[in-house]
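Breakdown of the fold
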Amino acid sequence: MRLKTSLLKEPKHKDLVSCVGWTTADELYSCGDDHQLMRWSPVSSETTRVLKLPGDVYPIDLHCFPRGIGGKKQSQAENFVLTSSDGKFHLISKLGRVEKSVEAHCGAVLAGRWNYEGTALVTGTPVYSVSWAPDSDKVLYTSGQQLIIKPLQPNAKVLQWKAHDGLILKTDWNSVNDLILSAGEDCRYKVWDSFGRVLYNSQPHEYPITAIAWALDGELFAVGSFNTLRLCDKTGWSYALEKPSTGSIFAISWSIDGTQLAGACGNGQVIFAHVVEQHWEWQNFQITLIKRRTMKVHNVINDAVDLLEFRDRVIKASLNYGYLVVSTSLQCYVFSTRNWNTPLIFDLKEGTVSLILQAERHFLLVDGGGLYLYSYEGRLISSPKYPGMRTDILNALTVSLSNDTLAVRDKADEKVIYIFEALSGKPLGDGKPLTHKTEIVEIALDQKGLTSERKIAFIDKNRDLFITSVKRFGKEQKIVKIGTMVQSLAWNDSCNILCGIQDSRFTVWYYPNTVYVDKDLLPKTLYEKDASELSKSPQIVSFVGSQVTIRRADGSLVHLHVSPYPAILHGHVSSSRWQDGLRLCRFVKDQTLWACLAAMAVANKDMSTAEIAYAAIGEIDKVQYINSIKELPSKESRLAHMLLFSGNSQEAETLLLQAGLVYQAIQININLYNWERALDLAVKHRTHVDTVLAYRQKFLEDFGKKETNQRFLQYAEGLEVDWNKIKAKIEMEIAKERERAAASAAGRSSVTVQQ
């Protein structure tokens, strides 16, 4: 990726340009020490003077009213704020009319910024730069070598830290990724999180850094210095360095679509730069944006090259699942990798698409207006909505898509994930969102399997990794922790294998569902590899087939390969080919694979396969328990004990009670020492009270203790425990269950004969 810059032969301003700002994706305003306000149209290469400021007014900062704000008057959205050296800020219309001038400060107003809602304006002196927090409830400003975050609430704690060794000249706070940029006279630029922790510290440049700015989607930022323009990734490393003849670049402004930027130059020029040579890769295809409206497709297998021409400039693109989805300023193009000549094209409601996510059957477009799910035939499937939805701050970490589900982390409350049915756009289940106890930073839905088994993995602010089912079973959602210190994660595109970077190790969870089946088995289903060579804060880009692509902190891509056998095993199990699964495990002779097969067999209630797999990994106690389950008389009992094996005692009890097997429900509570529950069931159903008391008495005698529970003392009064009677009752219950099971089997076989 690089910047393609353009400068006029002769500058339009007669003195240094101090500020620039885009009102639309194709219209820029600039102002400088020659008191001229100029309008630029990069498409038509036209420049117009719209206003001559008084001779004693020197403009310093310019910021356009935020676009796409619901409920704002159009006239207000056409205004921008200009701060000046006379202590005033001026609201100026696009036509060049000064709508309002406000006496703001005694000294020069060095900075002025609208908040993201367009409801408030902050100005500063002698503050060199100010920025709003993403939720517009805090302000970041500079004070000498310090950065200060001040909440708007009175008496709230102020965060302050020394950020540079020289005067800080510029800051910017991105609303999508919540990261802060700073640049100063110590010739460095830095990236910070919102807690003031440094994430990136650049090498010293030749000259002070005079300008720095985020692209709106938070993926890129630009850095300006004397005769220097640099394009950087959000992690801080540099994509490209340009050395234009501009003098110092005093301000940088990105266009709304994030495809181009403009810089205010010390020699009177306004520099324009377009982002080109972005790359997208999937399997054997490599796609490069070579010009603003042209893409090159390279098939690395046969070396075939195709050129894709677009009517308007390319804003966003995504390549996955055999499709390339491209959004331009007006249209969306869908190409199949089997045919690059005839794309499907449809018009967009709003031009600025900020995010494209793909699943196997459909894709999601996010723009300033909402979330839109489309099929690959271009049909609008749904448009999910939730309370207080702000689409301008969504990114690939906070939105996830699968064939049947869409998940979105809420920005207003970062502990909440809204989950929607993809086809209808309605909230899933009872409509209640998934709520975690800590703020969530990254979410990811698995891609394969049944809708009822869909899982979502997420990382919270403590960097713990959790997994849960998107469908709620019972009253509570069972959220299980499966990893700690996780930096990045990704699901495989073809089976439900999860990979992540955990501290300094690369970890693959070959069958994450193991936590719901046999939690003790989870460590045996993992693959771990030392990842210290990936350096600090690596990010997983994709997990396609058996290849994981990781971007290191220096920007280089590293490809890691994982074993293909677990994915093959997933394929066998999903189509119930258990014998093929066993043959694969015997061929590979890998303990991890056997452990995965054991968990998969238990999850699918295949006892014979589970017994063989557990025996192969030496879990003899579990083999014996499975053998005892196989000997149980009825199908309901076997199923309940399988649930019990997986730790789901509540579900096991419910299943037995629904089947009318009250004694068995009481007995599993006795076996788990849930004495209170066992007694409750016996009293409620008026059976086996003496059985519960007998087992309780035996339990206390074994430990040399006396009964202290008032309920048990109450029911034990006048009741004599007779073990012979109790054993006879138990045998009668088992015989009755066998008879029911035999009758049920006979009924099924007679139905089969009649058919």
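Since the model is a prediction, treat every value here as computed from it, not as a measurement. (Residues numbered from 1 in each chain as written. Predicted model: local features only at pLDDT ≥ 70, side-chain atom pairs only at ≥ 80, totals over all residues. Heavy atoms only, no water.)

Some thoughts on the overall build of the protein
For the protein, the count of helices and strands is 14 helices and 53 strands. C-alpha extents for the protein along the principal axes are approximately 110 × 65 × 45 Å. Counting all 755 residues of the protein, 52% fall into the buried class. Excluding contacts between residues fewer than 6 apart, the proportion of contacts in the protein whose partners are at least 24 apart in sequence is 42%. Total accessible area on the protein is roughly 34500 Å²; 50% of this is exposed by carbon and sulfur atoms. Of the side-chain charges in the protein, 87 are positive and 84 negative, and the distance between the mean point of each set is 2 Å. (Helix = DSSP H or I, 4+ residues; strand = E, 2+ residues; numbered from the N terminus. Buried < 20%, exposed > 50% of the residue type's maximum accessible area, 1.4 Å probe, protein only. Contact = heavy atoms within 4.5 Å. Areas by Shrake-Rupley, 256 points an atom, 1.4 Å probe, with all protein chains shown as cover. Lys, Arg positive; Asp, Glu negative; His and termini not counted. Charge placed at Lys NZ, Arg CZ, Asp CG, Glu CD.)

Brief notes about the nonpolar core
Cys 499, Phe 506, Val 548, Ile 550, Leu 569, Leu 597 and Tyr 614 are the most contacted members of the largest nonpolar core, which has 45 residues in total. Examining the composition of this core, we find that 10 residues originate from one element, helix H5 (residues 591-603), more than from any other. The residues touching Val 548, leaving out its near neighbours within four places in the chain, are Cys 499, Phe 506, Ile 540, Ser 542, Phe 543, Val 558, His 559, Leu 560 and Val 562. Counting residues in hydrophobic clusters, the runner-up holds 21 residues, among them Ala 652, Leu 679, Val 689 and Phe 712. (Core = buried A, V, L, I, M, F, W, Y, C linked by side-chain atoms within 4.5 Å.)

Examining the side chain of Thr 337
Looking at the secondary structure, you find Thr 337 in the loop between strand S33 (331-336) and strand S34 (339-347). Discounting chain neighbours no more than four positions away, the residues touching Thr 337 are Trp 282, Phe 285, Leu 319, Gly 322 and Tyr 323.

Quick notes on the packing of helix H4 (residues 578-588) against H5
At a minimum axis distance of 9 Å, the contact between H4 and H5 shows a crossing angle of 160°. Between H4 and H5, the angle falls in the class roughly antiparallel. Considering the relative orientation of H4 and H5, their crossing is left-handed. Only Leu 593, Trp 594, Leu 597, Met 600 and Ala 601 of H5 make contact with H4, whose side of the interface consists of Trp 578, Gly 581, Leu 582, Leu 584, Cys 585, Arg 586 and Val 588. The residue makeup of the contact of H4 with H5, split by class, is 10 nonpolar, 1 polar and 1 charged. (Axes fitted to C-alpha atoms, helices over the stretch in contact; angles between N-to-C directions. Parallel < 35°, antiparallel > 145°, perpendicular 65-115°, else oblique. Left-handed = near helix turned anticlockwise from the far one by under 90°. Nonpolar A, V, L, I, M, F, W, Y, C, P; charged D, E, K, R; others polar.)

Remarks on the packing of aromatic side chains
Across all of its chains, the model carries 28 aromatic pairs by this definition. Each ring, one from Trp 22 and one from Phe 272, has its centre 6.0 Å from the other, and the planes form 75°; the classification is edge-to-face. Here Trp 22 is found in strand S2 (residues 17-24), whereas its partner Phe 272 is found in strand S26 (residues 270-276), with 250 residues between them in sequence. In this structure, Trp 22 and Phe 272 share a single accessibility class: buried. Each residue in the set Phe 285, Phe 310, Tyr 333, Phe 335 and Trp 340 is aromatic and connected to the rest through ring pairs, giving one cluster. A cation sits over an aromatic face here: Arg 696 above Phe 712, 4.5 Å from the ring centre. (Phe/Tyr/Trp six-rings, centres within 6.5 Å; stacked < 30°, edge-to-face > 60°. Lys NZ or Arg CZ within 6 Å of the ring centre and 35° of its normal.)

Remarks on the sheet that holds strand S35 (residues 353-358)
Taken in spatial order, the 4 strands make up an open sheet running S35-S36-S37-S38, and their pairing is antiparallel. Edge positions in the open sheet fall to S35 and strand S38 (380-382), since each of these has one partner strand only. On average, adjacent strands in this sheet sit at an angle of 30° to one another, irrespective of strand direction. Both strand S36 (residues 362-367) and strand S37 (residues 370-375) contribute to a ladder of 6 bridges, which runs antiparallel. Note on S37: the bridge partner recorded for Phe 363 is Tyr 374. (Pairing = 2+ DSSP bridges.)

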